Amino acid sequence: MSGSTMTQKADTASVRRLLERCCQAAAILGGLLIAALAIMTVCSIAGRWIASLPYVSSLPFLDWIGPVTGDYELVEMGTATAIFLFLPYCHLRGGHVTVDLIVMHAPQVIQRATAVLAEVLFTVVSAIMTWRLYHGLLDKQRYMETSMLLGIPLWWGYAAGIVGFALLTLVCLYRSISSLSASHNNDTQVGDA
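If you're wondering where the values come from, they're calculated on a predicted model, not measured in any experiment.

**Some remarks on unusual backbone geometry**
Leave glycine aside and you will find that most residues have negative phi; peptide bonds, for their part, are mostly trans. We note that Met144 has phi near 50°; this positive angle belongs to a residue other than glycine. Secondary-structure assignment places Met144 in the loop between helix H4 (108–142) and helix H5 (155–184). A relative accessible area of 69% places Met144 in the exposed class.

Shown next as structure tokens:
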């Protein structure tokens with residue numbers, strides 16, 4: 001192995017480690033967000049149930065008990081944010097579902113070519129989604145749109161989406177480059193960069 005090949009592999013490994021750390025942090029943040037939303041939902045349901053009890057609802061010192069105001073808005077925005085944060089880690093680990101019925105009996109060259117094409121197409125799609133989310137954020141800011149009950153600026157959700165999709169675009173770019181180099185080297189498995 002030449003020195004430039006070893007340097008290239010070391011650079012690829014360090015890029016992979018950096019992406020993995022960022023993706024893990026995003027996924028952990030998404031998981032914490034889902035856990036917080038689950039706790040909030042349980043509290044909201046319990047509060048709604050307690051407030052509906054005939055005796056308890058008539059007690060003046062318990063009149064603060066009830067559903068969490070804006071719980072649907074919080075769950076909607078929080079779940080979307082968590083999904084955006086999960087996508088990069090899922091794709092970096094090769095966790096997306098693939099349907100390879102058409103190419104599974106094809107020659108190895110065809111399988112590699114479709115894997116490269118899929119990675120490149122996903123890179124393009126994720127970059128377009130990042131770009132469109134950015135323009136959506138600008139529109140929501142310009143018109144100062146907010147949620148109905150809590151008045152949360154809707155652009156906050158777009159900002160979280162941009163973070164997730166920008167990271168996903170970097171992961172897709174990394175996997176595209178890895179799959180292209182893997183198609184030239186027969187010793188590297190495509191798709192599990």
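Moving on, there is more to tell.
**Considerations on the environment of Leu173**
Residue placement: Leu173 occurs in helix H5. Leu173 sits 15 residues away from Tyr158 along the chain, and the two C-alpha atoms are 22 Å apart.

**Points about the pattern of salt bridges**
Applying the stated criterion across every chain, the model contains six salt bridges. Taking the shortest distance from any N to any O, the salt bridge between Asp139 and Arg142 comes out at 2.9 Å. In this pair, Asp139 and Arg142 both sit in helix H4, three residues apart, roughly one turn of the helix. Because the salt bridges share partners, they merge into one network encompassing Arg16, Glu20 and Arg93.

**Some details on the nonpolar core**
By size, the foremost hydrophobic cluster in this structure holds eight residues: Leu19, Cys23, Ala26, Leu85, Leu92, Leu167, Val171 and Tyr174. Counting only elements with at least two residues in this core, the list comes to helix H1 (3–52), helix H3 (71–92) and H5. Counting residues in hydrophobic clusters, the runner-up holds seven residues, among them Leu133, Leu137, Phe165 and Leu168.

**Overview of the packing of aromatic side chains**
Here the structure, examined in full by the defined rule, presents two aromatic pairs. Taking the centre distance of 5.4 Å and the plane angle of 65° together, the rings of Phe84 and Phe165 count as edge-to-face. Of the two residues, Phe84 sits in helix H3 while Phe165 sits in helix H5, which places them 81 residues apart along the sequence. Comparing Phe84 with Phe165 shows no difference in burial state: the two are buried. Plain terms: the ring middles of Trp155 and Trp156 are 6.4 Å apart, the flat faces sit at 85° to each other, and that makes the pair edge-to-face. Taking relative accessible area as the criterion, Trp155 reaches 28% and is therefore assigned partly exposed.

**Observations regarding the side chain of Ser179**
Positionally, Ser179 belongs in helix H5. Here Ser176 takes part through its backbone oxygen, which lies 2.9 Å from a polar atom of the side chain of Ser179.

**A short note on the state of the cysteines**
Two cysteines joined by a covalent bond between their sulfur atoms form a disulfide. The final tally for this structure, using the stated rule, is zero disulfides. Free cysteine: Cys23, not disulfide-bonded; nearest cysteine sulfur from Cys22 at 6.8 Å.

**A closer look at H3**
Between the first and last C-alpha of H3 there are 32 Å, a value that for 22 residues agrees with the 32 Å anticipated at 1.5 Å per step. Its axis deflected by about 25° at Phe86, H3 carries its strongest bend there, up to four residues before the proline Pro88. Along H3, the residues that are buried comprise Asp71, Glu73, Gly78, Thr81, Ala82, Phe84, Leu85, Pro88, His91 and Leu92. Backbone geometry just after H3 places Gly94 at a positive phi near 70°.

**Describing H4**
Over its 35 residues, H4 runs 51 Å from end to end, which matches the ideal 51 Å to within 8%, given 1.5 Å per residue. By the burial criterion, the buried members of H4 are Arg112, Val116, Glu119, Thr123, Ser126, Thr130, Leu133, Gly136, Leu137 and Lys140. Residue Met144 follows H4 closely and has a positive phi angle near 50°.

Reading the values: rules and limits
- Residues numbered from 1 in each chain as written.
- Predicted model: local features only at pLDDT ≥ 70, side-chain atom pairs only at ≥ 80, totals over all residues.
- Heavy atoms only, no water.
- Helix = DSSP H or I, 4+ residues; strand = E, 2+ residues; numbered from the N terminus.
- Buried < 20%, exposed > 50% of the residue type's maximum accessible area, 1.4 Å probe, protein only.
- Salt bridge = Lys/Arg side-chain N within 4 Å of Asp/Glu carboxyl O.
- Core = buried A, V, L, I, M, F, W, Y, C linked by side-chain atoms within 4.5 Å.
- Phe/Tyr/Trp six-rings, centres within 6.5 Å; stacked < 30°, edge-to-face > 60°.
- Polar contact = N/O pair within 3.5 Å; in protein donor to acceptor, adjacent residues only side chain to side chain.
- Disulfide = S-S within 2.5 Å.
- Expected span 1.5 Å × (residues − 1).
- Bend = angle between axes of the 7 residues up to and from the residue.

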